[in-house]
Amino acid sequence: MLKLPQSSTDRKHFVIVGALVLITTIVLGFFLLAILPVKAQHSVQAEPIRWLFQLHIWLIAFLFSLVSVFMLYSLFVFRKRKGDESEGEHFEGNTALEIAWTVVPLVLVVIFAFIGIQTLRDATAGGDDVRVEAVGFQWSWTFNYPNGVTAAEMVLPVNKPAEISLRATDVIHSFWVAEWGPKQDLVPGMTTRMKITPTKEGEFKIVCAELCGLSHWSMLATVRVVSEDEYIAWMDQKIAEQNLQTASR
Ligand SMILES: [Cu+2]
């Protein structure tokens, strides 16, 4: 049997390793959060995703530290000394430890599944004050508004809950604006939906995030998030343009 820390030397090792795990977790956690390219989040729905992402990073930092610090500490501190020809201690496992490392990860996975469901619920919730349909095809996008306006760019008013209906005409695509957070597949034969409340004005890139053929990389469009007045002005202008086109036909 593997011994649990009994002597004061054993306890000292555990205290040192515990402190090292804590320090490594903190350093690694901040390092990972600093280097991972999370774009600025400019939608209401992005917040729960960002929060869950950070929680994952801290858990990853802790688990990595737990495994590697224990391993490296054992390798260096309990290495074979010069002239030591004695045999190592024989042991056949530790029931308590095995139960612990089965139950703890199981509980963690269940907790994260629960948080994941909640996050998914929050990241897909929102109103439909503005509605627009995004049609994806190999390899471009068009945007249709309920009043018949069709555009090559998407325009949305800031801070207004929008519902984007997504339709694919050929293969599976995926609608993604990195600054907004959520990503949603477009599946031929059905309409999928994304709820989004943009919180920052500006021009953002819409990309297809599902490998959809040779020119997948070029399946880009722009979304402009503007003030409500600008949105109305843009819509009026589009309606006038389209009326003019119909009249001249
Ligand atoms: Cu695509």
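Residues numbered from 1 in each chain as written. Predicted model: local features only at pLDDT ≥ 70, side-chain atom pairs only at ≥ 80, totals over all residues.

Chemist: Would you mind going over the packing of helix H1 (residues 8–35) against helix H2 (residues 46–77) with me for this structure?
Modeler: When two helices pack together, you describe them by how their axes are tilted relative to each other and by the distance separating the axes. For the pair H1 and H2, the least separation of the axes is 8 Å and the interaxial angle reads 140°. Comparing their axes, H2 and H1 come out oblique. Crossing geometry of H1 relative to H2 is assigned as right-handed. Between H1 and H2, the contacting residues are Val17, Leu20, Val21, Thr24, Thr25, Leu28, Gly29, Leu32 and Leu33 on the first element and Gln54, Ile57, Trp58, Ala61, Phe62, Phe64, Ser65, Leu66, Val69, Phe70 and Tyr73 on the second. In the contact of H1 with H2, the residues fall into 15 nonpolar, five polar and no charged. (Axes fitted to C-alpha atoms, helices over the stretch in contact; angles between N-to-C directions. Helix = DSSP H or I, 4+ residues; strand = E, 2+ residues; numbered from the N terminus. Parallel < 35°, antiparallel > 145°, perpendicular 65-115°, else oblique. Left-handed = near helix turned anticlockwise from the far one by under 90°. Contact = placed C-beta atoms within 7 Å. Nonpolar A, V, L, I, M, F, W, Y, C, P; charged D, E, K, R; others polar.)

Chemist: In this structure, what is going on with the packing of H2 against helix H3 (residues 95–123)? I would like to understand it.
Modeler: At a minimum axis distance of 8 Å, the contact between H2 and H3 shows a crossing angle of 155°. In terms of axis orientation, H2 runs roughly antiparallel to H3. Along this stretch, H2 crosses H3, giving a crossing that reads as left-handed. Within the contact between the two elements, H2 uses Pro48, Ile49 and Leu52 and H3 uses Ile115, Gly116, Thr119, Asp122 and Ala123.

Chemist: Help me out: how do you make sense of the pairing of strand S4 (residues 154–157) in this one?
Modeler: Note on strand geometry: in a regular strand, side chains alternate between the two faces of the sheet. Side chains Met154 and Leu156 project from S4 onto one buried face, and the interleaved Val155 and Pro157 project onto a second face that is buried too. Sheet topology note: the S4/strand S10 (residues 220–226) ladder contains four bridges and is parallel. When the bridges of S10 are listed, methionine 154 appears paired with valine 223. (Buried ≥ 20, exposed ≤ 12 C-beta atoms within 10 Å, placed from the backbone. Pairing = 2+ DSSP bridges.)

Chemist: Sorry, what's going on with the sheet that holds strand S3 (residues 150–151) here?
Modeler: Pairing between the strands of a sheet is mediated by backbone hydrogen bonds and can be parallel or antiparallel. Pairing in this open sheet of five strands is mixed, and the strands run S3-S2-S1-S5-S8 from one edge to the other. Since the sheet does not close on itself, it has two edges, and those belong to S3 and strand S8 (192–196), each with one partner. As paired elements, strand S2 (residues 140–144) and S3 share two bridges and run antiparallel to each other. From the neighbouring strand, asparagine 144 faces S3, where its bridge partner is threonine 150.

Chemist: Please explain helix H4 (residues 228–248) as it appears in this structure.
Modeler: Within an α-helix, residues lying three or four positions from one another point in the same direction, as the helix has 3.6 residues per turn. Between the first and last C-alpha of H4 there are 30 Å, a value that for 21 residues agrees with the 30 Å anticipated at 1.5 Å per step. Judged by how many residues are buried, H4 sits mostly at the surface: zero of 21 residues are covered. (Expected span 1.5 Å × (residues − 1).)

What is shown is where atoms sit, not what they do.
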